[in-house]
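Now for the letters of each chain:
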Amino acid sequence: MTHCRRNRTLVRLAPLALVFSFSAGGQAPQPAIASGTRYPRLIVRNATVIEGNSTPASGPKDIVIENGQVTEIVAIDPGAMNRPGFKRPGGGVEIDAAGKYVMPGLINLHGHVQEERGGIRQPLDYELKLWLACGITTVRDVGSDLERTLKLRRESAEGAVAAPRIFVYPFFNSAPAPRNAAEARARVRELKAKGADGIKILDIYRDVMEAMEDEAHQLGLRVAHHAGVAETNSWDDIKFGTTSIEHWYGIPDAALENGVQSFPPGYNYNNEVDRFRYAGRLWREANWERLMKVLDAMVAAHVAWDPTLDIYEASRDLQRAQTQPWFADYLHPALEEFFRPNPASHGSYFVNWTSTDEAFWKENYRIWMSALREFDRRGGLIGLGEDAGFIYQMYGFGLLRGMELHQEAGFHPLKVIQQATSNGAKILGQEDRLGRVRAGFRADLLVVNGNPLENLKVLYPVSGAGGIEWTIKDGIPYHVPELMAGVKEIVARARAERVPSKVSP
Ligand SMILES: [Zn+2]
């Protein structure tokens, strides 16, 4: 699928003739910047900069990008410009960010590269364009087709495809699932040999987890744990050294008064209506004092938390989830079909979903958000991931919604942005090169129409809200309106075909 698309998304190298040299503020005409083109020298001028480390916004500044790296950030306020010897950077092509904010590209810690939903094809380009249009320049893939995603990681690194940079954390438990310590170690070595950046675990026995984490640490692989309601909970993450807890269940589960949630007798974990209904009553059963002990131990053991707040929101407000305005033009029919309540589609569990369920889930969110804030106060590291492609969340939009929910939890927008950028980089072990607007770091930057500190909604790439104007990944600028026009076209074409093509087995 992507083979044929690749030619169209190849990064164009700027012909030298296109690159004019002219002085800042001079009369020379600006060459138009072409989306998806790598320029030898690109200057983003007059920007108000949000660095991504919770320091306040500051500007205006000129940001110089060469070979995909930010090489220089120059303050151009009157005080700075009046200093003797001041020289404004020139040369190359320019993006004028006057009146705009520039912040680091977003890091989505919980993505899944998807080319189908429920057996219906969905072109990879759809997801990649949405990610970039929503400002995501880095994705930690936590489970997908491994060979396919390794190829995408390479193509993205080469600039051969318009895509975020990819870190690959494959499923540990792919069939045949390792059954004991020896098999666990063998699987970790196998995934390392294939080129994995880390490993994703879920539903795992304690002895298998202990061995796999030990082997992973020896090989320098990080571990993301989808901590479900299982034999293991956060105490195991703390003991074995998990890098990040994905979602949340294992945290309150480790603080239950009686060690087990008060499930009704007929509860069946594999019935998703049961599972998600009673997940909505899990946080209320956690003992707060015990919970604080769990959080403190997570902090001490450097276990980070990627709560994915967006992906459960339908449970507290189904109607909101089902009527998101961007579905009209941008929801691919494969996703639309997948979101319909159906026991065969993971996360599509809304059968007889009641106001009582929503009330429990609203309370669940309140306690969850308080726990998140406590975790932060105690020194815990919090990132953001979206897990889109499930439960009414579209790629990219899910992460932006997650940022709003972090604000709702009580975090200052500066801190929300830090969580979605440099904290994510730290969880990936990339904090010395990604996640900040800083000289020496990779040029993953967003040029935003509006002030996200005033309103995170300006990040949504839909008309009226402002939107990101440019997503710059590894120094390559992508024009967001162009990306969204492409998404619209993909969706319109798929809808026109009407009969969805099934993926051959
Ligand atoms: Zn997931």
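Anything mentioned here points back to the structure above.
Scope of this entry: the structure provided in the associated data block. (Residues numbered from 1 in each chain as written. Predicted model: local features only at pLDDT ≥ 70, side-chain atom pairs only at ≥ 80, totals over all residues. Heavy atoms only, no water.)

## Remarks on the sheet that holds strand E15 (residues 244–246)
Backbone-to-backbone hydrogen bonds join strands into a sheet, with any given pair of strands oriented parallel or antiparallel. Taken in spatial order, the four strands make up an open sheet running E13-E14-E15-E16, and their pairing is parallel. This sheet does not close on itself; its edge strands, each paired only once, are strand E13 (198–202) and strand E16 (304–306). On average, adjacent strands in this sheet sit at an angle of 25 degrees to one another, irrespective of strand direction. Here E15 runs beside E16; their pairing, made up of three bridges, is parallel. Bridge pairing links Ser244 to Ala304 in E16. (Pairing = 2+ DSSP bridges. Helix = DSSP H or I, 4+ residues; strand = E, 2+ residues; numbered from the N terminus. Axes fitted to C-alpha atoms, helices over the stretch in contact; angles between N-to-C directions.)

## Concerning the nonpolar core
One finds Trp248, Met298, Trp305, Met394 and Met403 to be the most contacted residues of the largest nonpolar core, which totals 122 residues. Looking at this core element by element, the count peaks at eight residues for helix H15 (residues 355–377). If near-sequence neighbours (up to four positions away) are discounted, Met403 is found in contact with Leu106, Leu384, Val416, Ile417, Ala420, Leu456 and Leu459. Core analysis: the second largest hydrophobic core is formed by 19 residues, Val70, Val93, Val447 and Trp470 among them. (Core = buried A, V, L, I, M, F, W, Y, C linked by side-chain atoms within 4.5 Å. Buried < 20%, exposed > 50% of the residue type's maximum accessible area, 1.4 Å probe, protein only. Contact = heavy atoms within 4.5 Å.)

## What to know about the coordination of the zinc ion
The coordination sphere of the zinc ion contains the protein donors His110 (NE2), His112 (NE2) and Asp387 (OD), at a distance range of 2.1 to 2.4 Å. Look at where the donors of the zinc ion fall in the sequence and you get H-x1-H-x274-D. Taking the relative accessible area as the measure of exposure, His110 reaches 0% and is therefore buried. (Donors = N, O, S within 2.8 Å, 3.2 Å for Na, K, Ca; no water.)

Everything listed here is a matter of coordinates, which is why it stays silent on function.
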